[in-house]
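Okay, here's what each chain looks like letter by letter:
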Amino acid sequence: MSALKAICVLSGPGSDSITGVISFLQDGQGPTIVKGEIKGLKPGKHGFHIHALGDTTNGCMSTGPHYNPKNLEHGAPEDEVRHAGDLGNIIAGDDGIAKISLKDVHIPLGGAHSIVGRAVVVHADPDDLGKGGHELSKSTGNAGARVACGIIGFQAAA
Ligand SMILES: [Cu+2]
Ligand SMILES: [Zn+2]
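Just so we're clear, the structure is a prediction, and the values are computed from it rather than from any experiment.

Every regular strand shows the same layout, with side chains that alternate between the two sheet faces. With five of five residues buried, strand S8 (residues 119–123) lies mostly within the body of the structure. Neither face of S8 is open: one carries Ala119, Val121 and His123, the other Val120 and Val122, and all of them are buried. Bridging between strand S4 (residues 44–51) and S8 involves four bridges; their strand directions are antiparallel. Each bridged residue has a counterpart across the sheet, and for histidine 51 the counterpart in S8 is alanine 119. Two elements, S8 and strand S9 (residues 146–155), share five bridges in a ladder whose sense is antiparallel. Counterpart to valine 122 in the pairing with S9 is alanine 148.

All right, on to the nonpolar core then. In this structure, Leu10, Ile38, Val120 and Val122 are the most contacted members of the largest nonpolar core, which totals 30 residues. Among the secondary structure elements, those contributing two or more residues to this core are strand S1 (4–11), strand S2 (19–26), strand S3 (32–39), S4, strand S6 (86–92), S8 and S9. Contact partners of valine 122, with chain neighbours within four places excluded, come to Leu10, Ile38, His46, Phe48, Ile90, Val147 and Ala148.

This brings us to the UniProt feature "domain: Superoxide dismutase copper/zinc binding" (unreviewed entry) in the protein. Per the UniProt record, "domain: Superoxide dismutase copper/zinc binding" (unreviewed entry) is annotated on residues 19–152. Counting secondary structure, residues 19–152 comes out at 0% helix and 40% strand; the distance between its end C-alpha atoms is 15 Å.

The next subject is the environment of proline 31. Mapped onto the elements, proline 31 comes out in the loop between S2 and S3. Separated by 77 residues in sequence, proline 31 and proline 108 have C-alpha atoms that sit 7.3 Å apart. Sequence-distant contacts of proline 31, defined by excluding residues within four places in its chain, comprise Lys103, Asp104 and Val105.

Take unusual backbone geometry next. Glycine aside, the phi torsion of most residues is negative, and most peptide linkages are trans. Unlike most non-glycine residues, asparagine 71 shows phi in positive territory, near 55 degrees. Topologically, asparagine 71 is positioned in the loop between strand S5 (57–60) and S6. Given 6 C-beta atoms within 10 Å, asparagine 71 falls into the exposed group. Backbone geometry at leucine 129 places phi at a positive 60 degrees, although glycine is not the residue there. If you trace the backbone, leucine 129 turns up in the loop between S8 and S9.

What counts, and where the lines are drawn
- Residues numbered from 1 in each chain as written.
- Chains lettered and ligands numbered in written order.
- Predicted model: local features only at pLDDT ≥ 70, side-chain atom pairs only at ≥ 80, totals over all residues.
- Buried ≥ 20, exposed ≤ 12 C-beta atoms within 10 Å, placed from the backbone.
- Helix = DSSP H or I, 4+ residues; strand = E, 2+ residues; numbered from the N terminus.
- Pairing = 2+ DSSP bridges.
- Core = buried A, V, L, I, M, F, W, Y, C linked by C-beta atoms within 7 Å.
- Contact = placed C-beta atoms within 7 Å.
- UniProt positions renumbered as here; feature names shortened; annotations may be inferred.

Here it is, written out as structure tokens:
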């Protein structure tokens, strides 16, 4: 069985020109490998999620909530109770660049719970991973504004 590949080109709504490209690779039923780079961020942690909808007609706002096919509460990537789309935080350096390299078993590129056609969203603030005690902690991680997003689409197979 050949690997599935997908790609997401991100951009921000503001004039601050946040841009990035994230690639996804899944071999068979294995974990999905996520790699990429996002530029133009404020240094520090930024919430990083798969949102449910591939709809950017109203910018990143119309990508819906975190992708959550199992109807669970928001959490950290390593938690059992989490949204499928909860990929935690990315960390931008002083140069505003965040490099991403992670593996996750909850974001397949095929089957009933595929993330292809959905959106990657980067937030202004850190994701508290459900533990911040804020009224939004258990739904969004209180990660603030959506500063960049893009739609995940298939790419030519590996
Ligand atoms: Cu999000
Ligand atoms: Zn979530």
